[in-house]
Amino acid sequence: MDDIKLIKLNYDKKKLLSICKNIELIESKHLSNNNEWQYGLLDKDLIIDLYQQVKDITGSNDIEIRYIVQKADYAIAEHKDLTHKCAINIILSDEYGPIVIDNKKIYYDCALINTQKNHSVPAFKNDRKILKLGIRDIGYEEAARTSSI
């Protein structure tokens with residue numbers, strides 16, 4: 001099975017960005033040393049419709065929501081995510097670079113990603129902003145198989 005599945009969800013990118021701009025960001029110490037990779041946690045009630053969509057299509061009952069900002073001109077080295085088994089990422093930036101899995105550059109707007117597979121994110125000229133719905137209770141293959149989208 002591939003390690004990324006492009007999906008379509010119902011959401012308003014501008015509204016999500018508006019919600020996320022009020023989230024306090026902290027440095028992700030395992031991926032950066034100089035605040036190049038930051039995140040903040042969102043309460044599901046802020047995006048309850050989107051949260052429910054993800055829950056329904058994946059079968060997950062344990063979803064952590066993060067707003068993540070990768071600063072411009074900073075690359076994220078190859079890694080596996082530590083806090084969840086897979087994730088649905090929604091790109092909130094207008095211009096953005098790819099994710100790299102198995103030496104393949106993949107561009108997406110919204111995707112289910114096997115975050116337990118090594119992946120990296122090359123540097124890009126603009127900040128890369130994403131909303132990550134990290135799935136902690138089931139793996140990628142089960143979420144992808146369950147997914148109706």
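What you are looking at is a predicted structure, and each value in this text was computed from that prediction instead of being measured. (Residues numbered from 1 in each chain as written. Predicted model: local features only at pLDDT ≥ 70, side-chain atom pairs only at ≥ 80, totals over all residues. Heavy atoms only, no water.)

### Considerations on the side chain of His79
Our working rule: A run of H or I in DSSP becomes a helix once it reaches four residues, and a run of E becomes a strand once it reaches two; helices and strands are each numbered from the N terminus. The classification of residues rests on relative accessible area computed with a 1.4 Å probe and restricted to protein chains. Under 20% of the type maximum is buried, over 50% is exposed, and intermediate values are partly exposed. Any pair of N or O atoms that falls within 3.5 Å is considered a polar contact. Within protein, one atom must be able to donate a hydrogen and the other to accept it, and sequence-neighbouring residues count only if both atoms are side-chain atoms.
Summarising the element assignment, His79 is placed in strand S5 (residues 76-79). Classification of His79 by relative accessible area gives buried; the value is 12%. A polar side-chain atom of His79 sits 3.1 Å from a polar atom in the side chain of Asp81.

### Re empty space enclosed by the protein
Filter applied, for reference: Points on a 1 Å grid, built from protein atoms alone, make a cavity when a 1.4 Å probe fits but cannot get out and make a pocket when they are open with protein on both sides within 12 Å along at least 5 of 7 lines; residues with an atom within 4 Å of a point are the lining residues. Grid points are joined across faces, edges and corners, and a volume is the space filled by probe spheres set on the points. Residues are sorted three ways: Asp, Glu, Lys and Arg are charged, Ala, Val, Leu, Ile, Met, Phe, Trp, Tyr, Cys and Pro are nonpolar, and all the rest, Gly among them, are polar.
All chains considered together, the criterion is met by one cavity of 30 Å³ or more. Size it by volume and the largest cavity reaches roughly 40 Å³. Looking at the largest cavity, the residues that line it are Gln70, Lys71, Ala72, Asp73, Tyr74, Gly97, Val121, Pro122, Ala123, Phe124, Asn126 and Arg128. Among the residues forming the lining of the largest cavity, the class breakdown is six nonpolar, three polar and three charged.

### Topic: the environment of Thr115
To keep things clear, this is the line we draw: Whether two residues are in contact is decided by their heavy atoms, any of which lying within 4.5 Å being enough.
Structurally, Thr115 can be placed in the loop between strand S9 (110-113) and strand S10 (119-121). On the basis of relative accessible area, Thr115 is assigned to the buried category, the value being 2%. For the pair Thr115 and Ile4, spaced 111 residues apart in sequence, the C-alpha to C-alpha distance is 9.1 Å. Beyond its immediate sequence surroundings of up to four residues, Thr115 is in contact with Lys80, Asp81, His84, Lys85, Cys86, Ala87 and Lys132. A polar atom in the side chain of Thr115 sits 3.4 Å from the backbone oxygen of Lys85.

### Side note on the nonpolar core
Selection rule: Throughout, nonpolar core names a set of buried Ala, Val, Leu, Ile, Met, Phe, Trp, Tyr and Cys residues whose side chains join them through atoms within 4.5 Å.
In this structure, Leu9, Ile88, Leu131 and Leu133 are the most contacted members of the largest nonpolar core, which totals 29 residues. When contributions to this core are tallied by element, the ones reaching two or more residues are helix H1 (13-20), helix H2 (48-58), strand S4 (63-70), strand S6 (86-91), S9, strand S11 (128-135) and helix H3 (140-146). Apart from the residues within four sequence positions on either side, Ile88 is in contact with Ile7, Leu9, Val54, Ile57, Thr58, Cys110, Ala111, Leu112, Leu131, Lys132 and Leu133. By size, the runner-up hydrophobic cluster in this structure holds 16 residues, among which are Ile4, Ile68, Tyr74 and Ile101.

### Structural notes on the packing of aromatic side chains
Think of a pair of aromatic rings as described by two things: how far the centres are apart, and how the planes are tilted against each other in angle. Short version of the rule: Two rings from Phe, Tyr or Trp (for Trp, the six-membered ring) form a pair when their centres sit within 6.5 Å of each other. Planes less than 30 degrees apart are called stacked, planes more than 60 degrees apart edge-to-face, and all others tilted. By definition, being over a ring means that NZ of Lys or CZ of Arg is both within 6 Å of the ring centre and within 35 degrees of the ring normal.
Under the criterion given, the structure shown has zero aromatic pairs. Against the face of Tyr39 rests Arg66, its NZ or CZ located 4.1 Å from the ring centre.

### Side note on the sheet that holds strand S7 (residues 99-101)
Here is the rule we go by: Two strands pair if DSSP finds at least two bridges between them. The axes are straight lines fitted to the C-alpha atoms, using for helices just the contacting stretch, and the angles between their N-to-C directions are given from 0 to 180°.
On the basis of which strands lie adjacent, the open sheet formed by four strands has the order S5-S10-S7-S8 and antiparallel pairing. Where the open sheet ends on each side, the last strands, each with one partner, are S5 and strand S8 (104-106). Going from strand to strand, the sheet's axes swing by 25° on average, the running direction of each strand aside. With two bridges connecting them, S7 and S10 associate as antiparallel partners. Bridge assignment links Ile101 to a residue of S10, and that residue is His119.

### Overview of the pattern of salt bridges
So the rule is basically this: Only one rule defines a salt bridge in this text: a Lys or Arg side-chain nitrogen within 4 Å of an Asp or Glu carboxyl oxygen.
Tallied over the full model, the rule gives eight salt bridges. For Glu64, the salt bridge goes to Arg136, with nearest N and O atoms at 3.6 Å. Of this pair, Glu64 sits in strand S4 while Arg136 sits in the loop between S11 and H3, placing them 72 residues apart in sequence. Between Lys132 and Asp81 there is a salt bridge, with the nearest N and O atoms lying 2.7 Å from each other. Of this pair, Lys132 sits in strand S11 while Asp81 sits in the loop between S5 and S6, placing them 51 residues apart in sequence. Accessibility classification places Lys132 together with Asp81 in one group, the buried group. The network of salt bridges with shared partners includes Asp62, Glu64, Arg66 and Arg136.

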